[in-house]
Amino acid sequence: MRKYFVTTFVLVALLVFATSGLALEKTSMRLTDDSRADNWNAATTCTVLYYNYCTGWLWIWSGWSPGDILGVQFDAPNSGGGTLYANWLFTWTGAPSGYGFTGSLDVNAADANACPTGAAIGSQPYLPAGGGWEFASWGAGVAVPGSFTVGAVMGATAGNPTTFVTDHPAAGPTGPTPCGTCFPTSRDPHSYYWGSAASPLCPGSTLFDGVCDAGLVWEAIISCSVGVEPSSWGSVKGLYK
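Fair warning: this is a prediction, and the values are worked out from it, not measured in the lab.

Observations regarding the overall build of the protein chain
- A count of helical and extended segments in the protein chain gives one helix and 15 strands.
- Scored against the burial criterion, the 241 residues of the protein chain give a buried share of 51%.
- Partitioning the intrachain contacts of the protein chain with sequence separation of at least 6 by distance along the chain shows that 82% fall at a separation of at least 24.
- Accessible surface, the protein chain as shown: approximately 10,100 Å² in total, 56% of it carbon and sulfur.

This is the structure:
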């Protein structure tokens, strides 16, 4: 299997969400190999994604609290909804088992504010392994509406070392500023922090990096009525959202 390899660049900044008081650290990383093994049949599925790391730089986000929920609001390829079969999620650092860091990966219908609403329509335990791409299968699939969320819920123990990866809208140590160059400054946000079950936040806080809202490097594999390669469909969608 081909893997991601990322070289650390020593650049750490503190992000404070004005709406929630949540403080996260974000570190700038260099992406040097973005290939991965393809273990999904694309004949009747499309891959939906909203990130764009055209300059090769990524933000690595850490500092999560117990019960925190972050994730992506996805629009199904067909407006009436479809079947979600799997998700790809990119994490840089995982969490060890046996310490209470295991949380869940939940699928919910999204409301008009792009927030998870109602009871989860799909859920599975989630303990990030870290080190690159992780494949989360939904087995026979989860029936989803036209707008839905996939959220990672942090476990109940403090000090979770998990770090999540987003694209890098602000200028990296090299190259141009992606926001406004690789994608428009008007790109709709799809990645959010939604507070916790005990203290929900809606609308959620976007992952603003000082220039534009960053997008989690997550993908959704979902049924679609047009038989296209998922990478091509998703890339086009990711570029223009």
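Structure's up, so let's keep going.
Focus on the pairing of strand 15 (residues 218-223)
- Counting buried residues along strand 15, six of its six residues qualify, which places the element largely inside the surrounding structure.
- Two strands pair when backbone bridges link them, and strand 3 (residues 45-49) and strand 15 are joined in this way by five bridges, in the antiparallel orientation. Opposite Thr-45, over in strand 15, you have Ser-223 as the bridge partner.
- Note: strand 6 (residues 82-93) against strand 15, five bridges, orientation antiparallel. Paired with Trp-88 across the strands is Glu-219, a residue of strand 15.

Details of unusual backbone geometry
- Geometrically, the link from Cys-202 to Pro-203 is a cis peptide bond, its omega value of 0 degrees lying close to zero.
- Relative to the assigned elements, Pro-203 resides in strand 13 (residues 200-208).
- Located in the positive-phi region is Ala-114, a residue other than glycine, with phi close to 65 degrees.
- Within the fold, Ala-114 resides in the loop between strand 7 (103-110) and strand 8 (116-126).

Some details on the confidence of the model for the protein chain
- Put simply, the protein chain has an average pLDDT of 83, and 77% of its residues get 70 or more.
- Ignoring residues within four places in sequence, the model shows residues 1-22, a span with pLDDT below 50, making 60 contacts including any to other chains.
- Across residues 227-241 the pLDDT falls below 50, and counting only partners more than four positions away or on other chains, this stretch makes 32 contacts in the model.

Details of the environment of Pro-161
- Within the fold, Pro-161 resides in the loop between strand 10 (147-153) and strand 11 (163-167).
- Take Pro-161: its relative accessible area is 31%, and that puts it in the partly exposed class.
- Sequence separation between Pro-161 and Gly-130 is 31 residues; the distance between their C-alpha atoms is 9.8 Å.
- In this structure Pro-161 touches Thr-93, Gly-94, Ala-95, Pro-96 and Phe-101, once residues within four positions along its chain are discounted.

So, the state of the cysteines
- Counting across every chain of the model gives four disulfides.
- In this model, Cys-46 is linked to Cys-224 through a disulfide, with the two sulfur atoms separated by 2.2 Å. An S-S torsion of about 80 degrees defines the bridge between Cys-46 and Cys-224 as right-handed. With Cys-46 in strand 3 and Cys-224 in the loop between strand 15 and helix 1 (230-240), this pair connects stretches of sequence that are 178 residues apart. The exposure classification of Cys-46 matches that of Cys-224, with both residues buried.
- The residue that forms a disulfide with Cys-54 is Cys-182, at a sulfur-sulfur distance of 1.6 Å.

Topic: the pairing of strand 12 (residues 191-196)
- Among the six residues of strand 12, six are classified as buried, and the element is accordingly described as predominantly covered.
- Here four bridges tie strand 5 (residues 68-75) to strand 12, and the two strands are oriented antiparallel to one another. Across the sheet, residue Leu-70 finds its bridge partner in strand 12, namely Tyr-193.
- Relative to strand 13, strand 12 is paired through three bridges, and the arrangement is antiparallel. Residue pairing in the sheet places Tyr-192 in a bridge with Thr-206 of strand 13.

Concerning the environment of Trp-88
- Residue position: Trp-88 is located in strand 6.
- Trp-88 sits in the buried class, given a relative accessible area of 8%.

Observations concerning the sheet that holds strand 10
- Strand order in the open sheet formed by seven strands is 8-7-10-5-12-13-14, and the pairing between neighbours is antiparallel. The sheet is open, and its two edges are formed by strand 8 and strand 14 (213-214), each paired on a single side.

So, how was this worked out
Counting of residues starts from 1 at the beginning of each chain's written sequence and follows it residue by residue. Note on the predicted model: pLDDT of at least 70 is required for a residue's local features to be given, and 80 or more for side-chain atom pairs to be given and counted; whole-chain, interface and lining totals, by contrast, use all residues. Note that the side-chain values use all heavy atoms of the structure and ignore hydrogens as well as water. Secondary structure elements are defined from DSSP: runs of H or I of at least 4 residues count as helices, runs of E of at least 2 residues count as strands, and each element is numbered from the N terminus. Summary of the burial criterion: residues with accessible area below 20% of their type's maximum are buried, those above 50% are exposed, and those between are partly exposed, where the area comes from a 1.4 Å probe applied to protein chains only. Two residues form a contact once any of their heavy atoms are found within 4.5 Å. Surface accessibility in these figures is a Shrake-Rupley result with a 1.4 Å probe; residues are shielded only by whichever protein chains are displayed. Any two strands with at least two DSSP bridges between them are considered paired. The score called pLDDT rates the predictor's confidence residue by residue, from a low of 0 to a high of 100. Cysteine sulfurs are considered disulfide-paired once they come within 2.5 Å of each other.

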